[in-house]
Amino acid sequence: MTIKDTHKSKEGKASAGARRKLVRAMARFGAAYGKWVRVNLRAVEGITPPRLGVLQALYAKGPQIMAELADRLEVSARNVTVLIDGMERDGFLKRQSHATDRRATVIALTPAGEALCKQILTAHEDAVGKVFGALDEDAAESLLDELQAMLDWFDTNPDMKG
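**Notes on the overall build of the protein**
And then number 1: When you go through the protein residue by residue, the secondary structure sums to seven helices and three strands.
And then number 2: Each helix (α) and strand (β) of the protein, taken in turn from the N terminus, gives the series α-α-α-β-α-α-β-β-α-α.
And then number 3: Considering only contacts within the protein whose residues lie at least 6 apart along the sequence, 50% involve residues at least 24 apart.
And then number 4: On the protein, roughly 11400 Å² of surface is accessible, and the fraction owed to carbon and sulfur atoms is 55%.

**A short note on the nonpolar core**
And then number 1: By size, the foremost hydrophobic cluster in this structure holds 23 residues, and its most contacted members are Val54, Leu55, Leu69, Ile84 and Leu93.
And then number 2: Not counting residues within four places of it along the chain, the set of residues in contact with isoleucine 84 comprises Val54, Met66, Leu69, Leu93, Arg95 and Ile107.

**Brief notes about the packing of aromatic side chains**
And then number 1: Summed over the entire model, instances satisfying the criterion amount to two aromatic pairs.
And then number 2: Each ring, one from phenylalanine 29 and one from tyrosine 33, has its centre 5.8 Å from the other, and the planes form 10°; the classification is stacked. Note that phenylalanine 29 and tyrosine 33 are positioned in helix H2 (residues 16-41) at a spacing of four residues, about one turn of the helix.

**Topic: the sheet that holds strand E1 (residues 64-65)**
And then number 1: Spatially, three strands are ordered E1-E3-E2 in an open sheet, and the strand pairing comes out antiparallel. Two strands in the sheet have a free side with no partner beyond their single neighbour: E1 and strand E2 (93-97).
And then number 2: Direction of pairing for E1 relative to strand E3 (residues 105-109): antiparallel, over a ladder of two bridges. Following the sheet pairing, isoleucine 65 is matched in E3 by valine 106.
And then number 3: Where helix H5 (residues 77-89) meets the sheet, its contacts fall on E2 and E3, and the angle it forms with E2 comes to roughly 115°.

**Quick look at a nonpolar patch on the surface**
And then number 1: Together, Met26, Phe29, Val131, Phe132, Leu135, Leu143 and Leu147 make up an exposed nonpolar region whose accessible area comes to about 530 Å².
And then number 2: Only H2 and helix H7 (137-156) provide two or more residues apiece to the nonpolar patch.
And then number 3: Given the relative accessible area of 33%, leucine 143 is considered partly exposed.

**Observations regarding the pairing of E3**
And then number 1: Summarising burial for E3: four of the five residues are buried, a large majority.
And then number 2: Pairing geometry for E2 and E3, over five bridges, is antiparallel. Following the sheet pairing, glutamine 96 is matched in E3 by valine 106.

**Section: the environment of glycine 34**
And then number 1: Counting through the fold element by element, glycine 34 comes out in helix H2.
And then number 2: Sequence-wise, glycine 34 and proline 49 are 15 residues apart; in three dimensions their C-alpha atoms are separated by 9.0 Å.

**Thoughts on unusual backbone geometry**
And then number 1: Even without a glycine there, the phi angle at glutamate 74 is positive, about 55°.
And then number 2: Summarising the element assignment, glutamate 74 is placed in the loop between helix H4 (66-73) and H5.
And then number 3: Among the residues examined, glutamate 74 registers a relative accessible area of 74% and is labelled exposed.

**Quick look at a negative patch on the surface**
And then number 1: Together, Asp136, Glu137, Asp138, Glu141 and Asp145 make up a negatively charged patch on the protein surface.
And then number 2: Position of glutamate 137 relative to the elements: it lies in helix H7.

**As for a positive patch on the surface**
And then number 1: On the surface, a cluster of positive charge is made up of Arg19, Arg20, Lys21 and Arg24.
And then number 2: With respect to the helices and strands, the residue arginine 24 is situated in helix H2.

Scoring rules and cut-offs
- Residues numbered from 1 in each chain as written.
- Predicted model: local features only at pLDDT ≥ 70, side-chain atom pairs only at ≥ 80, totals over all residues.
- Heavy atoms only, no water.
- Helix = DSSP H or I, 4+ residues; strand = E, 2+ residues; numbered from the N terminus.
- Contact = heavy atoms within 4.5 Å.
- Areas by Shrake-Rupley, 256 points an atom, 1.4 Å probe, with all protein chains shown as cover.
- Core = buried A, V, L, I, M, F, W, Y, C linked by side-chain atoms within 4.5 Å.
- Buried < 20%, exposed > 50% of the residue type's maximum accessible area, 1.4 Å probe, protein only.
- Phe/Tyr/Trp six-rings, centres within 6.5 Å; stacked < 30°, edge-to-face > 60°.
- Pairing = 2+ DSSP bridges.
- Axes fitted to C-alpha atoms, helices over the stretch in contact; angles between N-to-C directions.
- Patch = residues over 30% accessible without salt bridge, like charges linked within 9 Å, V, L, I, M, F, W, Y side chains within 5 Å.
- Salt bridge = Lys/Arg side-chain N within 4 Å of Asp/Glu carboxyl O.
- Lys, Arg positive; Asp, Glu negative; His and termini not counted.
- Charge placed at Lys NZ, Arg CZ, Asp CG, Glu CD.

Rendered as structure tokens:
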């Protein structure tokens, strides 16, 4: 039974011991992956994991107001302001007035920011792909299905709202 099947039935079949092992393995993987990303981002001048998060959010969803961006990145308004200030100074982002709300500021990528996104995200995805190089095609597809099922669970879990 896959996690996708378990998700549909709403009842997990894994034993408590197996779930604990999964929790520990996911924690180790998350820490190792995070460290690996930080090490590999050092090759790109001026890009830190928080800056990469801003670039990814704007590249994926387009211009956003600062409050939405702070929520999406799970940082405070003060932190997102500091990030935006630096990235605007570096020419990657621009602030725009909101069309209907004078209090809101819209953040958008500049052409230089879009070019940087394409360069970094393509290189980042290629590099991250090496992490999964140990998997054959079937294992990769199976892992992708399982991860998507977990993401679906988070998306539908009422505890994740707000």
